[in-house]
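Observations on the model geometry
Chain by chain, the residues run as shown.
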Amino acid sequence: MSVVKVSVKLMMNLPTTERGPIWAKRINQLQSYMSDSRNLVVEGRLTRMIGLTLEASGCRAAIGEQCEVINSDGAEIEAEVVGFSGESLYLMPTGNIRGLEQDARVVPTGRVGEALVGDGLLGRVIDGAGRPLDGKGPLHSQERRPLTGESINPLERDPIREPLDVGVRAINALLSVGRGQRLGLFAGSGVGKSVLLGMMTKYTNADVVVVGLIGERGREVKEFVENILGEEGLKRAVVVAVPADQAPLRRMHGAMLATSIAEAFRDRGKQVLLLMDSLTRYAQAQREIGLAINEPPATKGYPPSVFAKLPHLVERAGNGEKGGGSITAFYTVLTEGDDQNDPIADAARAILDGHIVLSRRLAESGHYPAIDIEASISRAMNDITTTNHQLSASDFKRLYSLYQQNRDLISVGAYEAGSDQMIDAAIEAMPMLQDFLRQDMYTPVNLEQSLADLGTLFPN
């Protein structure tokens, strides 16, 4: 209607003799404009709201399409279509819904979620919508990618063949990581996963580091940026921060945004380290959305969509096509009550290329990093290490595991020296094994030194 009103006003300012032909031409233009359905936006109305779910009627939109919910006072709230039933659309807000009114206008925008990517993001801290949080001004980048990413033909992916130095001796020597590998860092609360992530952030040999702080405490964002990354580390890093108080859809977008940024650098031939803390919070955000739109709960309250979303996100990481870049990804997985059979932990183990388990018992004894060597594994280790390295690591694990199996007997003095030569060897070697596994967070140990230290203990 605004187009017609403006046209009429302009026509009335012309002389009467000139209005006829111009009126006819303008009417033809308006008919052409109105005949194109893309120029027509059918608005709906907000009819219902329960919890975080908005229900609208009177309009049509596709899953994932963004909509604007507009109050009578003109205040706008962003929302995204997450489902539909009959004539109703289900939307999930991406921000604060305070002040939302009944019968508010719902306007489909035709847009889908996109990520701003490129070198202009290096050294910046952004939120789940791609907006800067660091007060350094606007982002100087124009390149955009879809939040959902683009899948790579699995037969065209470059295989994992090159080891990656993460600066942590226990991982370099006993759980070797390859470029393009995706690993899970499994831990309960307060066992040092953030410290271990910080060590890998600073010491890993990578061109770009992308950090996704998803659903964690807000105070940890500044601590991570200032204390763990530091000024030098931030220069080659992009931090996507979406604290726990943000809407579930925004938390999901944050994880997808971090992955899209990493994909863009990988496609340009960069070696990227992606750290996401945590994969569990991403799953919990999807659980909130699924339950809000009446999706039936399955295992421990997690609806089926959660277990479909996890592999879709994880599979976006890894090596690119042959000759291209790579994304080596570490995802933290929170184990509720230190239960390694938690549904999300169990699903993550199945789709990742290995897992590093942190032990509360080791952390409480002052052993850091508290890596449980027995429960951890790197599925790509045999493809990126030499035979001698594999033999030395196997000897280390054999003695360490043998001691742990007999630890109670040894502790109470029930084991008699000389009863078993292997147990005697494990008892003698245990102090050296523990010293090997311990490492100060401010002291990196590169891959070469890690292998040299292992070779000193177990030459092959």
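Residues numbered from 1 in each chain as written. Predicted model: local features only at pLDDT ≥ 70, side-chain atom pairs only at ≥ 80, totals over all residues. Heavy atoms only, no water.

Taken residue by residue, helix H15 (residues 447–457) has Leu447, Ser450 and Leu454 as its buried positions. Buried residues in H15, looked at end-on, bunch into an arc of 65°, giving them a common side. In this structure, H15 carries Glu448 and Thr456 as exposed residues pointing more than 90 degrees from its buried face. Where H15 is buried, its residues contact strand S10 (163–164), helix H3 (169–174), helix H12 (387–405) and helix H14 (421–437). (Buried < 20%, exposed > 50% of the residue type's maximum accessible area, 1.4 Å probe, protein only. Helix = DSSP H or I, 4+ residues; strand = E, 2+ residues; numbered from the N terminus. Arc of directions from axis to C-beta. Contact = heavy atoms within 4.5 Å.)

Okay, unusual backbone geometry next. The omega angle of the peptide bond from Asp277 to Ser278 is 15°, so this bond is cis rather than trans. Cis geometry marks the peptide bond from Tyr368 to Pro369; its omega dihedral reads -10°. Mapping Pro369 onto the fold places it in the loop between helix H10 (360–364) and strand S19 (377–378). Within the chain, Asp103 stands out as a residue other than glycine whose phi angle is a positive 65°. Tracing the sequence through the fold places Asp103 in the loop between strand S5 (88–93) and strand S6 (105–112).

A few words on the side chain of His253. In this structure, His253 sits in helix H6 (residues 248–267). The class of His253 is buried, set by a relative accessible area of 7%. Dropping the residues within four chain positions of it, His253 is found in contact with Glu80, Thr94, Gly128 and Leu147.

Between its first and last C-alpha, H12 extends 27 Å over 19 residues, near the 27 Å set by a 1.5 Å rise per residue. Turning to H12, its buried residues number three or more, namely His389, Ser392, Ala393, Phe396, Leu399, Tyr400, Ser401, Leu402, Tyr403 and Gln404. (Expected span 1.5 Å × (residues − 1).)

As a further point, take the pattern of salt bridges. Taken as a whole and assessed by the stated rule, the structure comprises 22 salt bridges. Across the pair Arg182 and Glu315 runs a salt bridge whose closest N-O atoms are separated by 3.3 Å. Residue Arg182 is found in strand S12 (residues 182–187), and its partner Glu315 is found in the loop between helix H8 (304–314) and strand S16 (318–319); the two are separated by 133 residues along the sequence. Residue class for Arg182 comes out buried when judged on its relative accessible area of 10%. Among the charged side chains, a salt-bridge network with shared partners connects Arg145, Arg266 and Asp267. (Salt bridge = Lys/Arg side-chain N within 4 Å of Asp/Glu carboxyl O.)

Spatial ordering of the closed barrel is given by S1-S2-S5-S4-S3-S6, a layout of six strands whose pairing is antiparallel. Neighbour-to-neighbour, the strand axes of this sheet turn through a mean angle of 45°, independent of strand direction. Relative to S5, strand S2 (residues 53–57) runs antiparallel, the two being bridged by four bridges. Its bridge partner lying in S5, Ser57 is registered against Ser88. (Pairing = 2+ DSSP bridges. Axes fitted to C-alpha atoms, helices over the stretch in contact; angles between N-to-C directions.)

Burial along strand S18 (residues 354–357) is two-sided: the face carrying Gly354 and Ile356 and the face carrying His355 and Val357 are both buried. Across three bridges, S12 lies against S18 in parallel orientation. Note that in S18 the partner of Gly184 across the bridge is His355. As judged from the two bridges shared by S18 and S19, these two strands associate in the antiparallel manner. Looking at S19, one finds that His355 is bridged to Ile377.

This part covers the packing of H12 against H14. Where H12 meets H14, the closest approach of the two axes is 8 Å, and the angle between their N-to-C directions is 110°. Relative to H14, the element H12 lies roughly perpendicular. Here H12 contributes Phe396, Arg398, Leu399, Tyr400, Leu402, Tyr403 and Gln404 to the contact with H14, which in turn contributes Met422, Ile423, Ala425, Ala426, Ile427, Ala429, Met430, Leu433, Phe436 and Leu437. Taken together, the residues that form the contact of H12 with H14 break down as 15 nonpolar, one polar and one charged. (Parallel < 35°, antiparallel > 145°, perpendicular 65-115°, else oblique. Nonpolar A, V, L, I, M, F, W, Y, C, P; charged D, E, K, R; others polar.)

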